Protein chains: 4
Amino acid sequence: MERIVIICGTNRNDSVSMEIAGIYKSLLEELGQAAVIIDLKDLPSDFTTSALYENSGKNEKFNEFRELMSEAKKFVFVVPEYNGSFPGVLKAFIDGLKFPDTFTDKKCALVGVSSGVQGAGLALSHLTDIFNYCGTNVLALKPKLAQIDRHLEGGRITNDLYNTLLKDQAKKLVDF
Amino acid sequence: MERIVIICGTNRNDSVSMEIAGIYKSLLEELGQAAVIIDLKDLPSDFTTSALYENSGKNEKFNEFRELMSEAKKFVFVVPEYNGSFPGVLKAFIDGLKFPDTFTDKKCALVGVSSGVQGAGLALSHLTDIFNYCGTNVLALKPKLAQIDRHLEGGRITNDLYNTLLKDQAKKLVDF
Amino acid sequence: MERIVIICGTNRNDSVSMEIAGIYKSLLEELGQAAVIIDLKDLPSDFTTSALYENSGKNEKFNEFRELMSEAKKFVFVVPEYNGSFPGVLKAFIDGLKFPDTFTDKKCALVGVSSGVQGAGLALSHLTDIFNYCGTNVLALKPKLAQIDRHLEGGRITNDLYNTLLKDQAKKLVDF
Amino acid sequence: MERIVIICGTNRNDSVSMEIAGIYKSLLEELGQAAVIIDLKDLPSDFTTSALYENSGKNEKFNEFRELMSEAKKFVFVVPEYNGSFPGVLKAFIDGLKFPDTFTDKKCALVGVSSGVQGAGLALSHLTDIFNYCGTNVLALKPKLAQIDRHLEGGRITNDLYNTLLKDQAKKLVDF
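Note that the structure is predicted; figures quoted are calculated from it, not measured. (Residues numbered from 1 in each chain as written. Chains lettered and ligands numbered in written order. Predicted model: local features only at pLDDT ≥ 70, side-chain atom pairs only at ≥ 80, totals over all residues.)

Draft legend 1. Summary view of the overall build of chain A. Within chain A, the secondary structure is distributed over six helices and eight strands. Mapped in sequence order, the helices and strands of chain A form the string β-α-β-α-α-β-α-β-α-β-β-β-β-α. The C-alpha radius of gyration computed for chain A amounts to 15 Å, which stays within 12% of the reference 16 Å derived for 176 residues, consistent with globular compactness. Taken over the C-alpha atoms alone, chain A extends approximately 45 × 35 × 30 Å along its principal axes. For chain A, with 176 residues in total, the buried portion stands at 56%. Nonlocal contacts in chain A, meaning residues at least 24 apart in sequence, comprise 78% of its contacts between residues at least 6 apart. (Helix = DSSP H or I, 4+ residues; strand = E, 2+ residues; numbered from the N terminus. Rg over C-alpha atoms; globule rule 2.2 N^0.38 Å. Buried ≥ 20, exposed ≤ 12 C-beta atoms within 10 Å, placed from the backbone. Contact = placed C-beta atoms within 7 Å.)

Draft legend 2. Up close: the packing of helix 5 (residues 121-134) of chain A against helix 5 (residues 121-134) of chain D. Running from amino to carboxyl end, helix 5 of chain A crosses helix 5 of chain D at an angle of 55 degrees, the nearest separation of the two axes being 9 Å. As the angle between them shows, helix 5 of chain A and helix 5 of chain D are arranged oblique. Seen along the crossing, helix 5 of chain A lies across helix 5 of chain D with a hand that is right-handed. Here Gly121, Leu122 and Ser125 of chain A of helix 5 of chain A come into contact with helix 5 of chain D, specifically with Gly121, Leu122 and Ser125 of chain D. Residue composition of the contact of helix 5 of chain A with helix 5 of chain D, by class: two nonpolar, four polar and no charged. (Axes fitted to C-alpha atoms, helices over the stretch in contact; angles between N-to-C directions. Parallel < 35°, antiparallel > 145°, perpendicular 65-115°, else oblique. Left-handed = near helix turned anticlockwise from the far one by under 90°. Nonpolar A, V, L, I, M, F, W, Y, C, P; charged D, E, K, R; others polar.)

Draft legend 3. Molecular detail of the interface of chain A and chain B. Contacts between the two partners involve 26 residues from chain A and, on the opposite side, 26 residues from chain B. The set of elements that each furnish at least two residues to the side of chain A that touches chain B consists of helix 2 (47-50), helix 4 (88-95) and helix 5 of chain A. A total of eight residues in the side of chain A that touches chain B trace back to one element, the largest contributor, which is helix 4 of chain A.

Draft legend 4. Geometry of the relation of the copies chain A and chain B. With an axial shift of 0.0 Å and an RMSD of 0.0 Å, the rotation relating chain A to chain B amounts to 180 degrees. Put plainly, the chains are arranged around a two-fold axis. Here 100% of the contact residues of chain A are again contact residues in chain B; the copies associate through an equivalent surface. (Least-squares fit on C-alpha atoms with pLDDT ≥ 70 in both.)

Draft legend 5. Inspection of helix 1 (residues 16-30) of chain D at higher detail. Residue and element names in this part refer to chain D. With 15 residues, helix 1 ought to run about 21 Å at 1.5 Å a step, and its terminal C-alpha atoms sit 21 Å apart, in line with that. Residues Ser17, Met18, Ile20, Ala21, Tyr24, Leu27 and Leu28 constitute the buried set of helix 1. Projection of helix 1 onto a plane perpendicular to its axis shows the buried side chains occupying an angular sector of 165 degrees, all on one side. For helix 1, the exposed residues set more than 90 degrees away from the buried face come down to Glu29 and Glu30. Next to the buried residues of helix 1 lie strand 1 (4-8), strand 2 (35-39), strand 3 (74-80), strand 4 (107-113) and helix 6 (160-175). Backbone geometry just downstream of helix 1 places glycine 32 in the positive-phi region, at approximately 80 degrees. (Expected span 1.5 Å × (residues − 1). Arc of directions from axis to C-beta.)

Draft legend 6. The arrangement of the interface of chain A and chain D in detail. Contact residues are listed per partner, giving six residues for chain A and six residues for chain D. Of the residues belonging to the side of chain A that touches chain D, the class tally is three nonpolar, three polar and no charged.

Draft legend 7. Spotlight on the relation of the copies chain A and chain D. Mapping chain A onto chain D is achieved by rotating through 180 degrees and translating by 0.0 Å along the same axis, at an RMSD of 0.0 Å. The overlap is high: 100% of the interface residues of chain A also sit at the interface in chain D, so the same surface is used on both sides.

Draft legend 8. Geometry of the environment of lysine 41 of chain C. Residues and elements named next belong to chain C. Relative to the elements of secondary structure, lysine 41 occurs in the loop between strand 2 (35-39) and helix 2 (47-50). Take lysine 41: there are 17 C-beta atoms within 10 Å of it, and that puts it in the partly exposed class. In the structure, lysine 41 is positioned 39 residues away from proline 80 in sequence and 14 Å away in space, judged by C-alpha atoms. The contact partners of lysine 41, leaving out residues within four places of it in the chain, are Asn11, Arg12 and Asn13.

Draft legend 9. The environment of leucine 173 of chain C, seen in detail. All names here are of chain C. With respect to the helices and strands, leucine 173 occurs in helix 6 (residues 160-175). Here the alpha-carbon distance between leucine 173 and leucine 141, two residues 32 residues apart in the chain, equals 9.5 Å. If near-sequence neighbours (up to four positions away) are discounted, leucine 173 is found in contact with Lys74, Val76, Lys107, Ala109 and Leu139.

The structure is reproduced here in structure tokens:
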């Protein structure tokens, strides 16, 4: 069975997004769907110079993630809100992937995360533009987990609406 | 007199955006306005791990650019289109700046550049969201220099409309 | 078989978008897919006061279109660029539809049309936000038919790339 | 002194946006700035057929609003969230204005209003694209008055943050 790749959309240490990625993996597995997580914190620290443009495909460590992305048919992006959009590192990661094979006719689900009240709404809109441009269909349902610090405790989401939205989305992605 | 900072929005070597940045500097100087260019290719190669989040402000080399951005009151961003939006590296650079002082009540102008027909239109829309979120007013006029390779020769733009738009924008920015 | 509803996204008389809608209907029929066109010019002239908000569902003439939209599972929106986005009339039409039943878990394809060079790119981005909010999945491939006047002759599109993109999109929508 | 035109961005009867428009008028007047309100509910009920495209400028009643918009140098748009963006009627109103004179080098401020948690964030992003396309500079500060029903009582806003943001924005607009 093909695995769904879940991308933790920041390279920050001990990120909340990584916690959400772990929760999402469990949701998929409960549906009988295998999944694997890419944490952007594991990218080589110099990847923006050693793995992009004329160096595309030349960084062996980066290529491990590149291959995972190339082989998968479906993705989940967990996207924290930084400065009103997604983290620059997430887009730099995308800029280093094999184009267009990584994206053409694939499918993805987006989850927004923020400590503030917006839940990364604009970030998800921007990313939808990017993935659609690249040829990847984006699931309409995009949960926006605003004020996440109030709703996450001991590795579990305590907000019923958030849990329902994530479960619905995971199921829709499996069926997409 | 305060200098306007022009940011070449990619870290690619010998970028077309850097050529446009140079042309823009001349336009501003013809208006009697001093300007300085930041080329993102000069960022430390590991800045996404050494200059963001808990390391914000700790990378001396990165801090030189951070200071330039902090002191300026007006910016020009030259933005190539990568994967339907701006380069990830540009947003990662923004993520490492001092917030919100770098942005509050400042003013900026955006120029889109692409080899294709869109002229980075969506990139400029996304960036407008980001700068507005951060508190920086964005000039309405945002030239989109599509199919740039046909319109750039020997370090000069050969398309009259493009030249007119850039001159108009430079003048509006000085008066903004 | 369920019919796909094609919406001509303007109420202008003799619109180019209506021509494109007709071409799209033929493309779908060649694929063995039945389709029907809604031309927004046929909306009652006072629908913005007689068919929205507290009058939602009360205008019999408007309700004919409302029913067509309710019953369909897939849509094609042909969207001309007006003032940098979609026509206001198209969004007012959407505002009068039964919510959320008209949209939940449905699928749509978007085609941009412009006399200028942008091909309604921002309009399609804005509409994607709207449909995703409403629960409708949007196909990633969204042809942008820029400078349409140069590429339309005697009811046929004369630009090979445009024809290929529309055919690909129609096929993807049938399979979506 | 030139008056600022405040546009209530919906034609719904007794709209919350109209209440906010009234509050905003008072804020401007406290700053010594004259203002006048356009309530889209006063538009002729058939304006989408009688005042757009080939009929642009031909509807006398619509023209009263058109003139107000033409003469003003600064605008405030109070924008409720309908279906994940602005009301279609607001964009149809914009589509009937004199282009580009109504917009070129003018300035505007945007206020989002919603009963839900988003505060019309995407609506304001879409409108910023539209106004920038038309040549109008948009103030970066765009208050998003989410869950407005909890924060409005007897014609006054009871949320301190909302009041502070609106006052700051009004002052910035006067100085813009």
